[in-house]
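Summary of the model geometry
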Amino acid sequence: MADIINACEEKILKIAADFPMLDYLTEWTNINSGSYNQAGLAVMAEKLKQAFSILPAKIEEVTHPSQAIISAEGVPLSPTTATHLHLTIRPEAPLQLLFTGHFDTVFGKDHPFNKVTRLDEETIGGPGVADMKGGLTVMLAALQAFENHPNKDKLGYEIVLNSDEEIGSSSSAPLLAQSAKGKIAAFTYEPSTLPDGTFASARPGSGNFSIVITGLAAHAGRNIDQGRNAIVAAADMALRLKSASQKGLTVNPAKIDGGGPNNIVPDNAVLRVNIRPSTPEKMQLAENLLKKTIADIAQDHSVTVKIYGHFGRPPKAISQKGKNLMALVESSCQNLGLTACWQETGGVCDGNNISAMDVPVIDTMGVRGGNIHSQKEFMIIKSLEERAQLSALILTRLLNMGGI
Ligand SMILES: [Zn+2]
């Protein structure tokens, strides 16, 4: 592996650094694109199409339904749809990579945190500056720089820019899985785990479930024994699932909807649960646990139980190919004078879904920043250049290595 930067790489790095990333980032951040703001997402999609058209790409809009939401009454609501961008560059090239980033944010249309502000010499604040509009500018800067490589024809790639990552990527999951197929590696532009640039390594999986319990209504005074209390069954279910938490498998009963007036035995309840398994084995364990607990509760409380949801984010483990890719990131960081640290994190992202396709993925290729998902979100300006150069260097090296 190269341990110094050669002349060809140096030229690419300069082009990456010269890209007007801060201008793009400011413009994009000032457009509200909360996950449910369809109009704002459409404006962002248009801006991204224009910006990314500097790449020799075939650009498509892809619309998929989202996972159905279960109402407080336990009824599946008709699914909404979300639109994502899918770009294909040189599909005939022998080496194929995947790049992904999301353009939705957690800040809704009317949220007061809605503009870029300069915090000091080195940092800016704003909704999505780090998570992840900063990452999108880094990705574009690196790729347009790579397009100047004399041997670029040997390397092709797909880009997925999705609009529903902050709400679980249920609509974009099929597109991510499809685009990951046959790729030697993938890069996702979430911000670094810590402001010092620390990358995320392994991640647990995550599943969100709505468990709908139907009992039998009865008068709370006259014939309480004839009723079947759905709220009590849901509470019992929450306790049983919670007590099954163990190392590598966390269960968070988050909410119980249902019930009604004080004088009626409630006949409906919906228990919302988030479960995070650290490995595929723990995920299987969780699936068995759900099955058994549902059967037990149905029997013990004489209620019917229906479950909706699935593990939308499978656990992300690090394979040997993943370790090789991490080594390439480390050596590239060293050559650029950047530190490369790794940390396991409890959070999940699209990297989980890509990893489930057996494609090694580095999912924190974006900017350095912090306080994401809060009004104190910030981004360190010089990390735009650092991270754009890092991606560009990794690309040229993957090209030279012919794989990992
Ligand atoms: Zn993000």
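Residues numbered from 1 in each chain as written. Predicted model: local features only at pLDDT ≥ 70, side-chain atom pairs only at ≥ 80, totals over all residues. Heavy atoms only, no water.

You'll find the protein entered in an unreviewed UniProt entry as Peptidase M20, with Zymomonas mobilis subsp. mobilis given as the organism.

1. A closer look at empty space enclosed by the protein
The full count for this structure, using the stated rule, is one cavity of 30 Å³ or more. The volume enclosed by the largest cavity comes to roughly 40 Å³. Lining the largest cavity are T29, I31, N32, S33, T105, F113, N114, P127 and K133. Looking at side-chain class alone, the lining of the largest cavity contains three nonpolar, five polar and one charged residues. (1 Å grid on protein atoms, 1.4 Å probe; cavity = no way out; pocket = protein on both sides within 12 Å on 5 of 7 lines; lining within 4 Å. Points joined across faces, edges and corners; volume = space filled by probe spheres on them. Nonpolar A, V, L, I, M, F, W, Y, C, P; charged D, E, K, R; others polar.)

2. With respect to the sheet that holds strand β4 (residues 117-118)
Pairing is antiparallel across the open sheet formed by four strands, whose spatial order is β4-β5-β16-β15. Sheet topology places β4 and β15 (369-370) at the edges, where each strand pairs with a single neighbour. Judged from the two bridges that link them, β4 and strand β5 (residues 123-125) form a sheet pairing that is antiparallel. Paired with R118 across the two strands is I124, which belongs to β5. (Pairing = 2+ DSSP bridges. Helix = DSSP H or I, 4+ residues; strand = E, 2+ residues; numbered from the N terminus.)

3. Side note on the domain arrangement of the protein
For the protein, the assigned domains read domain 1 (7-203 + 316-401) and domain 2 (206-313). Just the C-alpha atoms count here: the centres of domain 1 and domain 2 sit 36 Å apart. With 17 residues of domain 1 at the contact, the number on the domain 2 side is 14 residues. Of the roughly 1100 Å² buried where domain 1 meets domain 2, counting both sides, 47% is carbon and sulfur surface. When the buried area of domain 1 at its contact with domain 2 is split by residue, I70, A72 and V348 rank highest and sum to 41% of it. Seen at the junction of domain 1 and domain 2, the total is two salt bridges. One salt bridge in this structure joins D350 and R313, with 2.7 Å as the shortest N-O distance. (Domains from an automatic or database assignment. Contact = heavy atoms within 4.5 Å. Buried area = accessible area lost by both parts, 1.4 Å probe. Salt bridge = Lys/Arg side-chain N within 4 Å of Asp/Glu carboxyl O.)

4. Remarks on the layout of surface pockets
Approximately 240 Å³ is the volume found for the second largest pocket. In terms of lining residues, the second largest pocket is bounded by 19 residues, among which K316, A317, I318, S319 and S355 are the most central.

5. Some points on the coordination of the zinc ion
Four donors placed tetrahedrally about a metal ideally form angles of 109.5 degrees, and six donors placed octahedrally ideally form angles of 90 or 180 degrees. The protein atoms that coordinate the zinc ion are H102 (NE2), D131 (OD), E190 (OE) and E190 (OE), at distances spanning 1.8 to 2.7 Å. Because the angles between the four donor atoms bound to the zinc ion fall within 52 to 144°, the donor set is best described as irregular. (Donors = N, O, S within 2.8 Å, 3.2 Å for Na, K, Ca; no water. Tetrahedral: all angles 85-135°; square planar, octahedral: opposite > 155°, others 65-115°.)

6. Some thoughts on the nonpolar core
With 63 residues, the main nonpolar core has F52, F99, I159, L161 and F187 as its most contacted residues. Those residues in contact with L161 that lie beyond four places of it in its chain are L48, F52, H84, L85, L87, G101, F103, L136 and M139. Counting 25 residues, the second-largest nonpolar core is a separate cluster that includes I211, A244, A286 and I297. (Core = buried A, V, L, I, M, F, W, Y, C linked by side-chain atoms within 4.5 Å. Buried < 20%, exposed > 50% of the residue type's maximum accessible area, 1.4 Å probe, protein only.)

7. A look at the pattern of salt bridges
With the rule as written, the count across this model stands at 18 salt bridges. In this structure, the salt-bridge partner of E46 is K49, at a minimum N-O distance of 3.7 Å. With E46 and K49 both in helix α3 (residues 38-52) and three residues apart, this pair spans about one turn of that helix. Salt bridges here are not isolated pairs; linked through shared partners, they connect E46, K49 and E61.

8. Details of the packing of aromatic side chains
All told, the structure shown has eight aromatic pairs when counted by the stated rule. A connected cluster of aromatic rings, assembled from ring pairs, spans F99, Y157, F187 and Y189. (Phe/Tyr/Trp six-rings, centres within 6.5 Å; stacked < 30°, edge-to-face > 60°.)

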